[in-house]
Amino acid sequence: MIIKELEISKIDKVMKIWLEENMKTHDFVSPNYWKENYNFVKNILPESNVLIYEEEDEVKGFIGIMDKSYIAGLFVSEEYQSEGIGSQLIERCKEYYPILKLDVYAKNLKAINFYKKHGFKIEEEKENQDTKEIEYSMIWKL
């Protein structure tokens, strides 16, 4: 198991996880929304600090941090969920950032409970401008 910075050669593997898990986890959002945003995310991903969890040359999950504190995404391939990969990625980020923030859909109870388990607190509730779904802004502080 290795947690390391994203190499550009692995971006397609990361994006495959991003697309598959967004469409599965957020089934209340049109799959077209994720497909339409694929290229945008793929282009801005290298501008973020992205850590991947890799084992035997297979990317099993990743976390992306933007603006020195915002978790733009934390995804683990479905077949590797509940193995502690997401927890290891979040804990690694806590070593580098004194504050972590994120937005999560209110309907994504699994993610909300995961972040609460890791010390995040809900700061506010708002409507996502693109999807019109309710989301929570959550924060963790050292």
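Residues numbered from 1 in each chain as written. Predicted model: local features only at pLDDT ≥ 70, side-chain atom pairs only at ≥ 80, totals over all residues. Heavy atoms only, no water.

A. Inspection of a negative patch on the surface at higher detail. There is a patch of like negative charges on the surface, built from Glu-56, Glu-58, Glu-79 and Glu-83. For Glu-83, the position within the fold is in the loop between strand 4 (70-76) and helix 3 (85-96). Exposure remark for Glu-83: the relative accessible area of 48% places this residue in the partly exposed category. (Patch = residues over 30% accessible without salt bridge, like charges linked within 9 Å, V, L, I, M, F, W, Y side chains within 5 Å. Areas by Shrake-Rupley, 256 points an atom, 1.4 Å probe, with all protein chains shown as cover. Salt bridge = Lys/Arg side-chain N within 4 Å of Asp/Glu carboxyl O. Lys, Arg positive; Asp, Glu negative; His and termini not counted. Charge placed at Lys NZ, Arg CZ, Asp CG, Glu CD. Helix = DSSP H or I, 4+ residues; strand = E, 2+ residues; numbered from the N terminus. Buried < 20%, exposed > 50% of the residue type's maximum accessible area, 1.4 Å probe, protein only.)

B. Examining the pairing of strand 4 more closely. Of all seven residues in strand 4, five are buried, a share of seventy percent or more. Where strand 3 (residues 58-66) folds back onto strand 4 in an antiparallel hairpin, the turn is made up of three residues, including Asp-67, whose phi is positive at roughly 55 degrees. (Pairing = 2+ DSSP bridges.)

C. Broad picture of the packing of helix 3 against helix 4 (residues 109-117). Running from N to C, helix 3 and helix 4 cross one another at 50 degrees; their axes reach a closest spacing of 11 Å. In this view, helix 3 runs oblique relative to helix 4, as classed from their interaxial angle. Considering only the axes of helix 3 and helix 4, their crossing is right-handed. Residues Gly-86, Ser-87 and Ile-90 of helix 3 form the contact with helix 4, whose own contacting residues are Phe-114, Tyr-115 and Lys-117. Here the contact of helix 3 with helix 4 is composed, by residue class, of three nonpolar, two polar and one charged. (Axes fitted to C-alpha atoms, helices over the stretch in contact; angles between N-to-C directions. Parallel < 35°, antiparallel > 145°, perpendicular 65-115°, else oblique. Left-handed = near helix turned anticlockwise from the far one by under 90°. Contact = heavy atoms within 4.5 Å. Nonpolar A, V, L, I, M, F, W, Y, C, P; charged D, E, K, R; others polar.)

D. Region of the structure containing the packing of aromatic side chains. Applying the stated criterion across every chain, the model contains seven aromatic pairs. Look at Trp-18 and Trp-34: their rings are 5.9 Å apart centre to centre, the planes differ by 80 degrees, and that puts the pair in the edge-to-face class. With Trp-18 in helix 1 (residues 11-25) and Trp-34 in helix 2 (residues 31-44), the pair connects residues that are 16 residues apart, well separated along the chain. Take Trp-18: its relative accessible area is 8%, and that puts it in the buried class. Take Trp-34: its relative accessible area is 7%, and that puts it in the buried class. Of the aromatic side chains, those joined through ring pairs into one cluster are Trp-18, Tyr-33, Trp-34 and Tyr-38. (Phe/Tyr/Trp six-rings, centres within 6.5 Å; stacked < 30°, edge-to-face > 60°.)

E. Up close: the side chain of Lys-60. Within the element layout of this structure, Lys-60 appears in strand 3. The class for Lys-60 is buried, based on a relative accessible area of 9%. Polar side-chain contacts of Lys-60 include one of 2.6 Å to the side chain of Glu-55. Discounting residues that sit within four places of it in the chain, Lys-60 has contacts with Ile-17, Tyr-53, Glu-55, Val-76, Ser-77, Tyr-80 and Ile-85. (Polar contact = N/O pair within 3.5 Å; in protein donor to acceptor, adjacent residues only side chain to side chain.)

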